[in-house]
Amino acid sequence: IMAETMAEIQKWDAPGAGSSTHPPRAPYRISSVTLGKLTFDADFDSGNCARVVAVAGTSDEFNVWTSADCAGTSVITEAKTWFHLSVRGGEVGSSISLTVNNMNGQGKLYLHDFRPVYRNGTSGEWQRIRTPVAARGSKEGDDFRISFTHRFDCAQDLPTFFAFSYPWSFAEGQTLLDELEAQFGAACPDASALAAGEGSGGETPQSDTDTVPKSAGDIYFRREVLAHSLEGRPLELLTITSTVGLGGPREPPLGNGLLPGGKLRPHVIAGRPMFVISARVHPGEVPASHVLNGFLRFILRTDDPRARAMREAFVLKILPCLNPDGVFHGHYRLDTRGENLNRYYSSPDRQLHPTIYAARALLEQLHAREVLKFHVDLHGHATKRGCFLFGNNIPDLQQMAETVLYAKLVALNSQTLDFAGCVFSQSNMSRKDKRDGLSKEGAGRVAIYRLTGVAHCYTLECNYNTGRSLNKLAEPEPGRALSPPPIPPHSAAPKYTPETWAEVGRALACAALDLSGLNPLSRLQPPKQPGTGRSTVGSSLRGGIEAHRGWCLSYVRSMAKSQPRPVEPDDDASDSGEIDSGAKAAATKPVAPRRLSQVATSGSLSARRTVAAEDAVSAAERRLRALTLGAGAKPPAPPHPIVKRRASGLATDRARPRAVPVPVRAQSFSLAGAAPGSAKPKAVQLQTRLSVVRVGDAILPNSAPAFCGRGHVPQR
């Protein structure tokens, strides 16, 4: 494939083709390839599939290959995870089996039953495929691949789309912005007519104030093009706030060719700080767009007092897509020059990194005007489970406490945000990438903090698949309209969907209101009422925002006294699934091991269920980690101690199995084990989280009872 690609490049790489900033590109994704009765296609916005081949002797099994970032150019890279293709022609009830090759090692995702998504037609709803995924290969062998089967459930003339995760294409983003502008967009007066001092008819002076449509209510919504990408796609900039106090001066221009079009800038509203949020600097990290969509739709609500308070408290600046070219071409991590744009905020080049140059110029101007309060950059993560924030390590304890406090408030407003997974370490601000040697000093979170000194600069990371647990939100006050969503049994985190990520986006806004003390429906528990001895809202900490601020200050002081530790990988590990040796969560409290009753997916353990001791569970997890991580992992633990059977009161020694079950979901089956002194195996009923099993380098579906060694009793 590489030889064929480079041969194509030679044809395209002629004198005059491309430019010094944008290399020429040969065809890099399939277009209407027909194999038997099925037609495969990936030649569309965010599509990615380089090749498809039928398995010999079959009519329903196919191998497909992803297209690496910048495939078809002389700067082809090793970033290769995203896939997005369509299949047309399948009969209802028939099946298709796909093996996706040429992927980065994403083994950690598939250990937790990660599944691609599909939808029928161009307007269907995306959902995860219904069958387990078999993941094989490794990062070291550069042969990681996944296999899955899908049963068609739509008409033959409708395409079925398959993708790595819930897509959000560049065109979908533009369509959403068009709809919002039609509903809320303020009409801006003509700049040339104002300069001439005349109206459009040349008779009456034209007003300098933007006109807000009636459908917008009190919402002031302006849409601008901040800059253009290397291929000419727009970097959109949204400005959203309240119409209260609208009028007066306008924001100054940025210069250097930014904000083309000559339109007047939005109005300046005195006394309102800026909340800047951006997404999709890494094009394949689609959770970022779904978080931003949740944030955007929330602040545009007309009937929610929290949204109204957010608009009256802040001016929201939104950059929906920092890498539009990468999104369009179906890249996973890089732009069309093979660059990681999230490493150039410290010194972006106007010609080579136009969108990052524009974003930095905007933030720098807001800081110069002393109005920049928040900057949150949104990402996806493939290694570490959950949704979590990365903040900067600030020498001043008070500022550091404020940095931690915002993350704590987001967790108090979201079931999904894992505060224990948040990282605020110094090493997470300067670590160099293994691939290109670029430092995190150039990441948006770090570079903007270095530039402005603003404490509230964050990277939000959201896993593609699931988290570790769910937060229990505070109960509402009597008669309060706001009600927390229900918590599943045992706080088991469900599979993430666009709505899950959108909920995190809403929490980002609510936390900013709580931090400012302006949330009309705050989940923070107020102080105790005099004479009652209790507060009106159930929560774990009394005293409202000041109590949480004091807790965070104590937390920061304990961080300063503790020995520094390595950190979890930032968004850079998300495309390979790799974790540096010793890379663990920094500045977080040690988490006590969960008991078996918390791990199980159904009720408490009955007398007939086989239960291992807590140390056996820990040993099994270490063994599982050793098997799945391969070279460089810690040596396996010695055989676990005695496994006690509550049902019969028997105690026997069991040897460690070679194949270790991967805990995923509940499945009931029987295992045979020989009782001491008995030649006849004894049946043991077992309820466990087991749907796949790892043998060697393969993760195989466990649709039938599976044995992982003679007499083995799974640990979880």
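Residues numbered from 1 in each chain as written. Predicted model: local features only at pLDDT ≥ 70, side-chain atom pairs only at ≥ 80, totals over all residues. Heavy atoms only, no water.

Working note: α-helix, 3.6 residues per turn, so residues spaced by three or four point in the same direction. Here helix H8 (residues 354-368) contains 15 residues, and its C-alpha end-to-end distance of 21 Å stays within 8% of the 21 Å for a straight helix at 1.5 Å per residue. Counted residue by residue, H8 has 12 buried out of 15 residues, so it is predominantly covered. Taken together, the buried positions of H8 are Pro-354, Thr-355, Ile-356, Tyr-357, Ala-358, Ala-359, Arg-360, Ala-361, Leu-362, Leu-363, Gln-365 and Leu-366. Two residues or fewer after H8 comes Glu-370, characterised by a positive phi angle close to 60 degrees. (Helix = DSSP H or I, 4+ residues; strand = E, 2+ residues; numbered from the N terminus. Expected span 1.5 Å × (residues − 1). Buried < 20%, exposed > 50% of the residue type's maximum accessible area, 1.4 Å probe, protein only.)

Let us now look at the sheet that holds strand S5 (residues 84-88). Spatially, six strands are ordered S1-S2-S5-S11-S7-S8 in an open sheet, and the strand pairing comes out antiparallel. The open sheet has two free edges, formed respectively by strand S1 (33-35) and strand S8 (127-128), since each of these has just one partner strand. As paired elements, strand S7 (residues 117-120) and strand S11 (residues 160-163) share four bridges and run antiparallel to each other. Residue pairing across strands places Asn-120 opposite Thr-160, the latter belonging to S11. (Pairing = 2+ DSSP bridges.)

Moving on, we get to the packing of aromatic side chains. Overall, the coordinates contain 23 aromatic pairs when judged by the stated rule. Centre to centre, the rings of Phe-388 and Phe-390 are 5.4 Å apart; their planes meet at 50 degrees, and the pair counts as tilted. Residue class for Phe-388 comes out buried when judged on its relative accessible area of 0%. Of the residues examined, Phe-390 reaches a relative accessible area of 0% and is grouped as buried. Aromatic ring contacts, followed pair by pair, group Trp-82, Phe-83, Tyr-110, Phe-114, Phe-144, Phe-164, Tyr-332 and Tyr-464 into a single cluster. The ring of Trp-65 carries Arg-51 above its face, with NZ or CZ at 5.0 Å from the centroid. Directly above the ring of Phe-419 sits Lys-408, whose terminal nitrogen or CZ lies 5.0 Å from the centroid. (Phe/Tyr/Trp six-rings, centres within 6.5 Å; stacked < 30°, edge-to-face > 60°. Lys NZ or Arg CZ within 6 Å of the ring centre and 35° of its normal.)

Turning to the sheet that holds strand S13 (residues 234-242), a few remarks are in order. Read from one edge of the open sheet, seven strands run S12-S13-S15-S14-S16-S18-S17, paired in mixed fashion. Two strands bound the open sheet, and with one partner strand each, they are strand S12 (219-228) and strand S17 (387-391). Direction aside, the axes of adjacent strands within the sheet are offset by 20 degrees on average. By the bridge criterion, five bridges tie S17 to strand S18 (residues 457-463) in an arrangement that is antiparallel. Paired with Cys-387 across the two strands is Cys-462, which belongs to S18. Each of S12, S13, strand S14 (274-278) and strand S15 (315-319) is contacted by helix H6 (residues 305-313), which is oriented at about 105 degrees to S13, the strand it contacts most. Strands S12, S13, S14, S15 and strand S16 (372-381) of the sheet are contacted by H8, whose axis makes an angle of about 130 degrees with S12. (Axes fitted to C-alpha atoms, helices over the stretch in contact; angles between N-to-C directions. Contact = heavy atoms within 4.5 Å.)

Bringing helix H10 (residues 444-452) into the picture now. For H10, the tally of buried residues reaches seven of nine residues, placing the bulk of the element in the interior. All buried positions along H10 are accounted for by Gly-444, Arg-445, Val-446, Ala-447, Ile-448, Tyr-449 and Thr-452. Of the residues trailing H10, Gly-453 is marked for its positive phi of about 75 degrees.

Take the pattern of salt bridges next. Two side chains bearing opposite charge may form a pair once their charged atoms approach each other closely. Under the counting rule described, the total for this entry stands at 27 salt bridges. Between Arg-223 and Glu-236 there is a salt bridge, with its nearest N and O atoms 3.0 Å apart. With Arg-223 in strand S12 and Glu-236 in strand S13, this pair connects stretches of sequence that are 13 residues apart. Each member of the pair, Arg-223 as well as Glu-236, carries the same accessibility label: buried. Asp-304 serves as the salt-bridge partner of Arg-306, at 2.9 Å between the closest nitrogen and oxygen. For the pair Arg-306 and Asp-304, a shared accessibility class is recorded, and that class is buried. Residues participating in the shared-partner salt-bridge network are Asp-178, Glu-181, Arg-223 and Glu-236. (Salt bridge = Lys/Arg side-chain N within 4 Å of Asp/Glu carboxyl O.)

Bringing the confidence of the model for the protein into the picture now. In the predicted model, the protein carries a mean pLDDT of 79, and the fraction of residues at 70 or more is 68%. Low pLDDT, under 50, characterises residues 5-18; the predicted model gives this stretch 15 contacts beyond four residues in sequence or across chains. Across residues 199-204, where pLDDT falls below 50, the model places four contacts with residues more than four positions away in sequence or in other chains. (pLDDT = per-residue confidence, 0-100.)

A separate point is the environment of Ala-54. Position of Ala-54 among the secondary structure elements: in strand S3 (residues 51-54). Sequence spacing of Ala-54 and Gly-36 is 18 residues, and the spatial spacing of their C-alpha atoms is 8.9 Å. Look past the residues within four positions of Ala-54 in its chain and what remains in contact with it is Leu-35, Glu-61 and Phe-62.

With that out of the way, let us pick up the packing of helix H9 (residues 397-412) against helix H12 (residues 544-561). Two elements in contact, H9 and H12, have axes separated by 8 Å at closest approach and are oriented at 120 degrees. Taken as axis vectors, H9 and H12 run oblique relative to one another. Relative to H12, H9 is oriented so that their crossing is right-handed. Residues Leu-397, Gln-398, Met-400, Ala-401, Glu-402, Val-404, Leu-405, Lys-408, Leu-409 and Leu-412 of H9 form the contact with H12, whose participating residues are Ile-545, His-548, Arg-549, Trp-551, Cys-552, Leu-553, Tyr-555, Val-556, Arg-557 and Met-559. Each residue belonging to the contact of H9 with H12 can be placed in one class, and the counts come to 14 nonpolar, two polar and four charged. (Parallel < 35°, antiparallel > 145°, perpendicular 65-115°, else oblique. Left-handed = near helix turned anticlockwise from the far one by under 90°. Nonpolar A, V, L, I, M, F, W, Y, C, P; charged D, E, K, R; others polar.)

Right, let's talk about the nonpolar core for a bit. Phe-275, Ile-299, Leu-378, Tyr-406, Leu-460 and Leu-508 are the most contacted members of the largest nonpolar core, which has 109 residues in total. By residue number, the principal contributor to this core is helix H11 (residues 498-516), which donates 10 residues. Here Tyr-406 is in contact with Phe-275, Phe-374, Leu-389, His-456, Tyr-458, Leu-508, Ala-511, Ala-512 and Leu-515, once residues within four sequence places are set aside. In this structure, Cys-49, Leu-85, Tyr-118 and Phe-144 belong to the second largest nonpolar core, which totals 33 residues. (Core = buried A, V, L, I, M, F, W, Y, C linked by side-chain atoms within 4.5 Å.)

In this section: the packing of H6 against H11. The axes of two packed helices give the description: the angle between them and the distance between them. One can describe the packing of H6 onto H11 by two numbers: an axis separation of 10 Å at closest approach and a directional angle of 65 degrees. In this structure, H6 crosses over H11, and the sense of that crossing is left-handed. Of the residues in H11, those in contact with Arg-306, Ala-309, Met-310 and Ala-313 of H6 are Ala-509, Cys-510, Ala-512 and Leu-513. Class assignment of the residues belonging to the contact of H6 with H11 gives a composition of seven nonpolar, no polar and one charged.

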